[in-house]
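Each chain, letter by letter, is given below.
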Amino acid sequence: MTATAGRRRWLIAGERLIVVGYVLAGVALVGLHAYGRKLGSEADSIPEAAGLLLVVLSAFFMLWLLRGNARRYQKEIETLQQDKEHYRSLFQYHPYAIYEMDTEGRYIQINRQSAILTGHSEEEYRRATLDQLAGLELSEHYRSTINATLRGEPQSTELALPRRDGQRVWAQVTTIPIVTRGKVVGLYAIAKDITHERQLQERLNLLDTCVTHLNDALMITEAYPLDPPGPRPLSS
């Protein structure tokens with residue numbers, strides 16, 4: 001049972017208790033009226049009847065206050081539930097992969113994009129730790145980033161994340177500490193797929209290298225023969 005569901009059950013029980021209180025107070029008021037009629041005009045019983053009336057009125061007033069508090073509590077629960085649904089939508093439908101981890105590197109939850117990025121299901125993430133899924137090479141590179149984040153310092157770095165199929169995908173990873181009551185209890189890791197950008201950069205680097213060495217001699221020949229005088233040049 002979630003905390004919200006538990007609070008809702010307590011609220012419903014409180015509402016029922018208030019209704020029962022109203023009924024009992026009404027019964028007491030009717031009984032007081034009958035008791036007053038029975039007493040008639042006996043002067044000695046007037047203070048006693050007034051005291052009973054005061055008790056009944058106080059009970060009504062307390063029930064009225066409780067009902068008002070219950071309504072405010074209900075409104076706060078609805079607001080919290082709405083905020084939770086808004087956060088859940090932001091988490092699940094974010095275009096980047098989002099991972100929530102505790103201080104031991106265990107995955108708490110991931111969004112849909114995380115499974116697309118690495119090919120691992122949410123169940124696989126829940127059964128594993130960062131070291132087990134990422135591999136020693138990545139975890140060693142990533143460890144300083146994680147440690148700094150757990151000290152309360154957001155970080156950003158580029159990493160080659162291993163996929164379930166054995167391939168690697170480049171990602172821009174931003175880590176953010178999760179702070180509760182002044183204590184870091186975990187972190188969020190937000191990963192943007194930059195594989196395409198990395199490939200473009202590698203091609204630009206290759207083109208730059210080619211342009212830099214344009215003054216070097218270039219000759220293309222046939223593949224054979226290998227014996228002297230060698231293959232015939234095709235162009236120069």
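Now for a description of the structure that goes with this document. (Residues numbered from 1 in each chain as written. Predicted model: local features only at pLDDT ≥ 70, side-chain atom pairs only at ≥ 80, totals over all residues. Heavy atoms only, no water.)

1. Structural notes on the sheet that holds strand β5 (residues 183-193)
As summarised here, the arrangement of the five strands in space is β2-β1-β5-β4-β3, forming an open sheet in which the pairing is antiparallel. A single partner strand is all that each edge strand has here, and the edge strands are β2 (107-110) and β3 (155-162). Taking each pair of neighbouring strands and ignoring which way they run, the sheet shows an average axis angle of 30 degrees. Direction of pairing for β3 relative to strand β4 (residues 168-180): antiparallel, over a ladder of eight bridges. Within the sheet, the bridge partner assigned to serine 156 lies in β4 and is threonine 174. (Pairing = 2+ DSSP bridges. Helix = DSSP H or I, 4+ residues; strand = E, 2+ residues; numbered from the N terminus. Axes fitted to C-alpha atoms, helices over the stretch in contact; angles between N-to-C directions.)

2. A word on the pairing of β4
The hairpin formed by β3 and β4 contains five residues between the paired strands, and glycine 166 there has a positive phi angle of roughly 95 degrees. Across ten bridges, the pairing between β4 and β5 is antiparallel. Residue alanine 171 lies in a different strand from β5, and its bridge partner there is aspartate 193. Between β4 and β5, which follow one another and run antiparallel, lie two residues, and arginine 181 among them has a positive phi close to 55 degrees.

3. Quick word on the packing of aromatic side chains
The full count for this structure, using the stated rule, is four aromatic pairs. Look at tyrosine 87 and phenylalanine 91: their rings are 6.0 Å apart centre to centre, the planes differ by 40 degrees, and that puts the pair in the tilted class. With tyrosine 87 and phenylalanine 91 both in helix α2 (residues 46-92), this residue pair falls four residues apart, about one helical turn. Pairwise contacts between aromatic rings join Tyr99, Tyr107 and Tyr125 into one cluster. (Phe/Tyr/Trp six-rings, centres within 6.5 Å; stacked < 30°, edge-to-face > 60°.)

4. With respect to the side chain of glutamine 92
Looking at the secondary structure, you find glutamine 92 in helix α2. In contact with glutamine 92, other than residues within four places in its own chain, are Ile110, Asn111 and Arg112. (Contact = heavy atoms within 4.5 Å.)

5. Considering the nonpolar core
Membership of the largest hydrophobic core comes to 20 residues, with the highest contact counts inside it found for Tyr99, Tyr107 and Ala191. Where this core is concerned, the elements lending two or more residues are β1 (97-102), β2, α5 (130-150), β3, β4 and β5. Ranked by the residues each element gives to this core, the list is headed by α5, at four residues. Ignoring sequence-local partners within four residues, the contact set of tyrosine 107 consists of Tyr99, Glu100, Met101, Tyr125, Arg126, Ala128, Thr129, Leu130 and Leu133. (Core = buried A, V, L, I, M, F, W, Y, C linked by side-chain atoms within 4.5 Å. Buried < 20%, exposed > 50% of the residue type's maximum accessible area, 1.4 Å probe, protein only.)

6. Regarding the environment of tyrosine 125
Position of tyrosine 125 relative to the elements: it lies in helix α4 (residues 122-127). Given the relative accessible area of 3%, tyrosine 125 is considered buried. Note: C-alpha distance between tyrosine 125 and glutamine 109 (16 residues apart in sequence) is 7.9 Å. Setting aside its immediate chain neighbours within four residues, tyrosine 125 contacts Tyr99, Tyr107, Ile110, Ser114, Thr118, His120 and Leu133.

7. Things to note about the side chain of histidine 120
The residue histidine 120 is located in the loop between α3 (112-118) and α4 in this model. Judged by its relative accessible area of 11%, histidine 120 is buried. Setting aside chain neighbours within four positions, we find histidine 120 in contact with Ile110, Ala115, Tyr125, Leu133, Pro162, Arg163 and Arg164.

8. Here we look at the pattern of salt bridges
One pass over the structure, following the stated rule, counts seven salt bridges. Arginine 126 serves as the salt-bridge partner of glutamate 122, at 3.1 Å between the closest nitrogen and oxygen. Of the two residues, glutamate 122 and arginine 126 are both situated in helix α4; the distance of four residues between them amounts to about one turn of the helix. Owing to a relative accessible area of 31%, glutamate 122 belongs among the partly exposed residues under this scheme. The partly exposed category is assigned to arginine 126, whose relative accessible area is 47%. The partner of arginine 127 in a salt bridge is glutamate 123, and the shortest N-O contact between them spans 3.8 Å. Residue arginine 127 and its partner glutamate 123 are located together in helix α4, separated by four residues, close to a single helical turn. (Salt bridge = Lys/Arg side-chain N within 4 Å of Asp/Glu carboxyl O.)

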